[in-house]
Amino acid sequence: MKKQLLKAVYDSEEFRKKGHILIDQLANHLADKLQEKSKNAIYWNEPEEELKFWQDFLSTGDEKAMFSKITERTTYVHHPHYIGHQVSPAAPITALSGMISSLLNNGMAVYEMGMAPSAIERVVTDILCKKVGYGDASRGFLTSGGTLANLTALLAARKAKVAYDIWNEGHSESLGIIVSEEAHYCVDRAAKIMGLGEKGIIKVPATDGYEMNISLLENYYREATEKGIQIFAIVGSAPSTATGVYDNLEAIAAFSQKYHLWFHVDGAHGGAAIFSKKYRHTLAGVEKADSLVIDGHKMMMMPTITTALLMREGKHANATFSQKAEYLLTQADHEDWYNSGKRTFECTKNMMSIHWYTLIKAYGEGVFDEYVTHLYDMGRFFGEMVKEEPAFELAVAPVSNIVCFRYVKGSLDTEALNNLNAKVRQHLLEDGKFYIVQTKLRGVHYLRVTVMNPFTTSQHLRMLLKKIRTYAEEVSSQLNLTHRSF
Ligand SMILES: *Cc1c(COP(=O)(O)O)cnc(C)c1O
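Residues numbered from 1 in each chain as written. Predicted model: local features only at pLDDT ≥ 70, side-chain atom pairs only at ≥ 80, totals over all residues. Heavy atoms only, no water.

Novice: Give a description of the nonpolar core that names residues and reports values.
Specialist: By size, the foremost hydrophobic cluster in this structure holds 86 residues, and its most contacted members are F382 and F405. The element best represented in this core is helix α16 (residues 366-388), accounting for 10 residues. Beyond its immediate chain neighbours, meaning those up to four positions away, F405 contacts F382, V386, F392, E393, L394, A395, Y446, L447, V449, L465 and I468. Of all hydrophobic cores here, the second largest spans 31 residues; its members include A153, V187, W262 and A268. (Core = buried A, V, L, I, M, F, W, Y, C linked by side-chain atoms within 4.5 Å. Buried < 20%, exposed > 50% of the residue type's maximum accessible area, 1.4 Å probe, protein only. Helix = DSSP H or I, 4+ residues; strand = E, 2+ residues; numbered from the N terminus. Contact = heavy atoms within 4.5 Å.)

Novice: Requested: an account of the packing of helix α7 (residues 146-161) against helix α9 (residues 185-193), with residues and values cited.
Specialist: For any two helices packed against each other, one specifies the inter-axial angle together with the distance between the axes. Between α7 and α9, whose axes approach to 9 Å, the crossing angle comes to 45°. Here α7 is positioned oblique relative to α9, judged by the angle of their axes. Read as a crossing pair, α7 and α9 show a hand that is right-handed. Contacts from T147, N150, L151 and L154 of α7 reach α9 at C186, V187, A190 and I193. Tallied by class, the residues present in the contact of α7 with α9 amount to six nonpolar, two polar and no charged. (Axes fitted to C-alpha atoms, helices over the stretch in contact; angles between N-to-C directions. Parallel < 35°, antiparallel > 145°, perpendicular 65-115°, else oblique. Left-handed = near helix turned anticlockwise from the far one by under 90°. Nonpolar A, V, L, I, M, F, W, Y, C, P; charged D, E, K, R; others polar.)

Novice: Describe in detail the state of the cysteines, supporting the description with residues and values.
Specialist: Per the stated rule, a full pass over the model turns up zero disulfides. The thiol of C186 is not disulfide-bonded; the next cysteine sulfur, from C404, is found 18 Å away. Judged by its relative accessible area of 3%, C186 falls in the buried class. On the basis of relative accessibility, which here comes to 2%, the residue C404 falls in the buried class. (Disulfide = S-S within 2.5 Å.)

Novice: Go over the sheet that holds strand β5 (residues 262-267) with me, naming the residues and quoting the values.
Specialist: Sheets are built from strands paired through backbone hydrogen bonds, the pairs being either parallel or antiparallel. Ordered by their spatial adjacency, seven strands build an open sheet running β1-β7-β6-β5-β4-β2-β3, and the pairing between neighbours is mixed. One side of each edge strand has no neighbouring strand; the edge strands of this open sheet are β1 (139-143) and β3 (201-204). On average, adjacent strands in this sheet sit at an angle of 20° to one another, irrespective of strand direction. Contacting β2 (175-180), β3, β4 (230-237) and β5, α9 runs over the sheet at an angle of about 155° to β3. (Pairing = 2+ DSSP bridges.)

Novice: Describe the side chain of S400, and please don't skip the residues or the numbers.
Specialist: For S400, the location among the structural elements is in the loop between β8 (392-394) and β9 (402-407). For S400, a relative accessible area of 0% puts it in the buried group. From its side chain, S400 meets the backbone oxygen of G244 in a polar contact 3.1 Å long. Separated by 3.5 Å, the side chain of S400 and the backbone nitrogen of I402 make a polar contact. (Polar contact = N/O pair within 3.5 Å; in protein donor to acceptor, adjacent residues only side chain to side chain.)

Novice: Could you give an account of the sheet that holds β8, with specific residues and numbers?
Specialist: One open sheet holds the four strands; their spatial order is β8-β9-β11-β10, and the pairing between them is antiparallel. Two strands bound the open sheet, and with one partner strand each, they are β8 and β10 (437-441). Taking the axes of each pair of neighbouring strands and ignoring which way they run, one obtains an average angle of 40° across the sheet. Here five bridges tie β10 to strand β11 (residues 444-450), and the two strands are oriented antiparallel to one another. Counted as the bridge partner of V437 is R448 from β11. Sitting on the sheet, helix α18 (residues 458-478) touches β8, β9 and β11, and the angle it makes with β9 is about 30°.

Novice: Run through a nonpolar patch on the surface, naming residues and quoting values.
Specialist: Nonpolar side chains collect at one region of the surface, where M1, L5, L6, V9 and Y10 lie side by side and expose about 710 Å² of accessible area between them. Assessed through its relative accessible area of 68%, L5 is described here as exposed. (Patch = residues over 30% accessible without salt bridge, like charges linked within 9 Å, V, L, I, M, F, W, Y side chains within 5 Å. Areas by Shrake-Rupley, 256 points an atom, 1.4 Å probe, with all protein chains shown as cover. Salt bridge = Lys/Arg side-chain N within 4 Å of Asp/Glu carboxyl O.)

These results come straight from atomic positions and should not be treated as a statement about function.
Have a look at this one:
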């Protein structure tokens, strides 16, 4: 067998040639989007249409055009008009570290399968732990996403707080966690995976300002325990995804100490504020948390998907997936921090630590401060802009870079306004100039903006509001509804 095809697959000169072409293409893409040479943040296609394109391309498309077609026919997170979901416009240097990870393909589960990235992971997570304010006993590791990290943290919590050996024997008692009704749905999902059931997810209502209502904690805790549910953890959002509002971590910490609960902070979005001198206060109390999740691909300019799970007492991470409660032994023995697969849910993972390290080495930690601070400033600024416009209403004054608002002009009822705002968002999507998202809060349909791009300016945001207003007015008049122009 000559293996001609396989030789072609692994041809290093071919790689060099295509790689150079691709880098040029991506650099052009970056320049086009950042400088708005491309007008749109997205060129919307219906899913069936897009499917047809790629089915056809597979048989008749020009292979040379493949990478550029993929790049073109999708969402441009580097465009300043991309202000939708909470994904970073990846720092270009992390596309390069991503390439190293893809080509070297070290599996990372054991030290031998990724020596440099394993050691680097320790360096990076030590920096993060220190930044949180954790002591020497703290440790962290990287894992594939906030969803998985939250589940892992809750598994660690259960192992640490529940006296009997559920891992081996299964549930014999009702267990539960306390969480705000505004928490990310993945916390709910994690609890269900753990077999807690609906009754084991004690959802504390949020205040009018969408943060966990602390004054209800005692009652909800008492009610649950009276029903025979053993609460082992409480989760704070920092901030909650829909509204960008932070729970009161100090108060939750105090509550968790009183009842010996594991205190987990879901900082997937805003945990990065540990780096912001100006916004560090949003996380006050986080150093008391037993565990904290921070997504690198959200507020830290990294490519999907890389998440840090940090623990105040690192030994708990060693016990999460261990067959016995043997972490005290491993501690006395020696700590093999370098075999990350023992502590992560996944076995193989990518060499994600190099994105963090590369950014810190190339630009210094200060780059995270600048990024988070600027974006939070912009979110608040946009909040002010919306507030000044009588045609619009904020769901809540923004405290981060997430802003929920809606068009409210005219004398429409909630349902009509919901329809109107949903129509506006669909129009924006199909138009493609701006990419924003939407969310429902207590039955009210809101438009939702997350300022993720440091080059989104107040002018862009003004243009967005103008576009929404113009379109909303058009729709209202089509619907033959009363409305005055201003
Ligand atoms: C995005 C987000 C998650 C989920 O994280 P993934 O990395 O998307 O899995 C969890 N919690 C919060 C608060 C988030 O914002």
